[in-house]
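Given next are the chains, with one letter for each unit.
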Amino acid sequence: MNPDRKIPKVYARIWGAVKKIPRGRVSTYGAVARLAGLPGQARLVGYAMFNLPEGSGVPWHRVVNARGKISLPPGRESARRQLALLKREGHRFVGGKIDLKSAGWPVRAFTR
DNA sequence: CTGGTGACCATTA
DNA sequence: TTAATGGCCACCA
């Protein structure tokens with residue numbers, strides 16, 4: 001219970017899109033925004049991730065920025081967790097980033 | 001109502 | 001290649 005805070009509708013929409021990212025793949029804030037029907041609102045996706053409650057079951061770690069890098073400040077706890085989770089799913093960081101052309105999702109968005 | 005903010009992005013130089 | 005800039009808009013105080 002504790003409905004102290006209501007869950008904004010946009011967040012739910014964004015989280016729903018993030019849940020669709022398959023294991024072993026990653027997406028970007030901009031791509032997630034599009035999937036959620038909110039084109040051009042990448043910043044909102046970041047905002048939604050920041051406000052993501054723990055234990056939500058949303059694979060937030062599969063969302064990286066347009067450069068294929070982790071957007072969190074290096075050294076921060078969540079950043080290390082994200083890195084660990086991604087490696088655990090078989091991702092390889094070359095030059096500190098993931099190759100979106102091969103691991104990006106939806107594939108369509110990164111293969112043209 | 002207003003103004004500040006942000007786990008972003010594409011463009012430009 | 002990097003750095004700066006404007007745009008985007010829900011959320012919050």
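Refer to the preceding data block for the structure.
Report on the accompanying structure. Here the structure is a predicted model, which is why all the values come from computation and not from measurement.

## Observations regarding helix H3 (residues 42-50)
No. 1: All buried positions along H3 are accounted for by Val45, Ala48 and Met49. Each buried residue of H3 sits inside an arc of 100° when the element is viewed along its axis, so together they form one side. In H3, the exposed positions angled more than 90 degrees off the buried face are occupied by Arg43, Tyr47 and Phe50.
No. 2: Tucked into the core, H3 has its buried residues touching helix H1 (9-19) and helix H2 (29-35).

## What to know about the protein's contact with DNA strand B
No. 1: Residues in contact with DNA strand B amount to 14 residues; listed here are only the nearest, Arg43, Phe50, Trp60, Ala66 and Ser71.
No. 2: In this structure, methionine 49 approaches DNA strand B through a main-chain N or O atom, which is 3.1 Å from a base nitrogen.
No. 3: Only H2 and H3 provide two or more residues apiece to the surface near DNA strand B.
No. 4: In terms of residue count, H3 provides more of the surface near DNA strand B than any other element does, five residues in total.
No. 5: Of the residues contributing to the surface near DNA strand B, the split by class is seven nonpolar, six polar and one charged.

Thresholds, definitions, all that
- Residues numbered from 1 in each chain as written.
- Chains lettered and ligands numbered in written order.
- Predicted model: local features only at pLDDT ≥ 70, side-chain atom pairs only at ≥ 80, totals over all residues.
- Heavy atoms only, no water.
- Buried < 20%, exposed > 50% of the residue type's maximum accessible area, 1.4 Å probe, protein only.
- Helix = DSSP H or I, 4+ residues; strand = E, 2+ residues; numbered from the N terminus.
- Arc of directions from axis to C-beta.
- Contact = heavy atoms within 4.5 Å.
- Near = heavy atom within 4 Å.
- Polar contact = N/O pair within 3.5 Å; in protein donor to acceptor, adjacent residues only side chain to side chain.
- Nonpolar A, V, L, I, M, F, W, Y, C, P; charged D, E, K, R; others polar.

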